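# Residue-level structure breakdown
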Amino acid sequence: MSNLRTVTQLIEPQTAIEGAGVRLLRSIAPRVSNLFDPFLLFDHFAFNDPLEGPIRGFPMHPHRGIETVTYMLEGATAHRDSLGNAGLIGPGDVQWMSAGRGILHEEMPRRGESGSIYGFQLWVNLPSHLKMSAPRYQEVTASTIPAYEKNGVRIRVVAGTVDGVTGPVTDIAASPLYMDVELTPGIEWHFPIPERHTLITYVFEGEGVFSGETIAAIKMVKYNDGDHITVKTENRPVRFMLMAGAPFKEPIVPYGPFVMNTIEEIQQTLKELRNGTFIKE
Ligand code: FE
């Protein structure tokens, strides 16, 4: 490892209102410029104040052309969909949903025992040849996500491999790494990242020195190309989501919950929603 990936961009998450009035922290959102290819969106749900009242959630809505990845740390998300799936994504669980040609689903966050809801939703693009593929789920419960632990580094590996520990989510077009990484104070960690893959980290607790740059929570961080990153901690621990993936380098046209390659495909999607042919099962 000789080519360090340095920090190229720091993004301050912005408060956004989505669904039926859900307040969340948004770092990236789908844009034609596709600057984070293959990643499209990253939302952080953090409801810590029970006085905020009922959480309204995300009533039935469609998706096409993308994968949505929900990772809960506290509380849960109740979901059900047009394929007949229903369940609860609880603390530590991951749902990796490939919407493919179309799904309608409902996502309703619920408070945990502490009264909090804490979790993330990532959107990953699909390449053009898979945008109209059959919808597919990989549901992973907390106990089946392996933890790598060594020398003050603890990593829950959702997708990808760390030192022989491989995450349960496989066969994803973007060949992603998706990991929840924690470092205790006074640690230096070097980690290889495939060259030419896009790398972003979402620092959500504590503070660390990422490839030489001191970054405190909460920030989304983008890196240039290279073959590894380094993360160092001084007096404080740090915790972050690490995401890397192969860019598809295709034009995209985002429209709400759909991300296609052309305007015609978006128009076709809206037409199918209107005439009731959106769901193909
Ligand atoms: Fe959704």
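My aim in this report is to walk through the structure given alongside it, one point at a time.

Basis of the calculations
- Residues numbered from 1 in each chain as written.
- Predicted model: local features only at pLDDT ≥ 70, side-chain atom pairs only at ≥ 80, totals over all residues.
- Heavy atoms only, no water.
- 1 Å grid on protein atoms, 1.4 Å probe; cavity = no way out; pocket = protein on both sides within 12 Å on 5 of 7 lines; lining within 4 Å.
- Points joined across faces, edges and corners; volume = space filled by probe spheres on them.
- Helix = DSSP H or I, 4+ residues; strand = E, 2+ residues; numbered from the N terminus.
- Nonpolar A, V, L, I, M, F, W, Y, C, P; charged D, E, K, R; others polar.
- Donors = N, O, S within 2.8 Å, 3.2 Å for Na, K, Ca; no water.
- Tetrahedral: all angles 85-135°; square planar, octahedral: opposite > 155°, others 65-115°.
- Buried < 20%, exposed > 50% of the residue type's maximum accessible area, 1.4 Å probe, protein only.
- Pairing = 2+ DSSP bridges.
- Axes fitted to C-alpha atoms, helices over the stretch in contact; angles between N-to-C directions.

Here the focus is the layout of surface pockets. Of the volumes computed, that of the largest pocket is approximately 360 Å³. The set of elements that each furnish at least two residues to the lining of the largest pocket consists of β3 (22-28), β4 (39-47), β5 (58-63), β10 (103-110), β11 (117-125) and β24 (253-255). With four residues, β5 is the single largest residue contributor to the lining of the largest pocket. The residue inventory of the lining of the largest pocket, partitioned by class, reads 12 nonpolar, seven polar and four charged.

Let us look at unusual backbone geometry. Cis geometry marks the peptide bond from Asp37 to Pro38; its omega dihedral reads 15°. Note that Pro38 resides in the loop between β3 and β4. For the bond running from Ala217 to Ile218, omega is 5°, close enough to zero to count as cis. Along the chain, the position of Ile218 falls in the loop between β20 (213-216) and β21 (219-223).

In ideal tetrahedral geometry, four donors around a metal make angles of 109.5 degrees, whereas ideal octahedral geometry with six donors gives angles of 90 or 180 degrees. With distances of 2.1 to 2.3 Å, the protein atoms coordinating the iron ion are His61 (NE2), His63 (NE2), His105 (NE2) and Glu107 (OE). Geometry at the iron ion is irregular, judged from its four donor atoms and the angles of 85 to 179° they form at the metal. Owing to a relative accessible area of 17%, His61 belongs among the buried residues under this scheme. His105 gets classed as buried once you look at its relative accessible area, which sits at 1%.

Spatial strand order, β2-β3-β4-β11-β6-β9-β12: seven strands in an open sheet with antiparallel pairing. Looking at the sheet topology across the chains shown, the edges are occupied by β2 (14-18) and β12 (136-140). Sheet twist, expressed as the mean angle between neighbouring strand axes with direction ignored, is 20°. Note that strand β6 (residues 66-74) and strand β9 (residues 94-98) share five bridges and pair antiparallel.

Judged by pairing direction, the sheet is antiparallel, and its four strands sit side by side in the order β5-β10-β7-β8 without closing on themselves. In the strand order of this sheet, the two ends are held by β5 and β8 (86-89), each with one partner. Strand-to-strand twist of the sheet, defined as the mean angle between neighbouring strand axes without regard to direction, takes the value 25°. Across six bridges, strand β7 (residues 76-81) lies against β10 in antiparallel orientation. Directly across from Asp81, in β10, lies its bridge partner His105.

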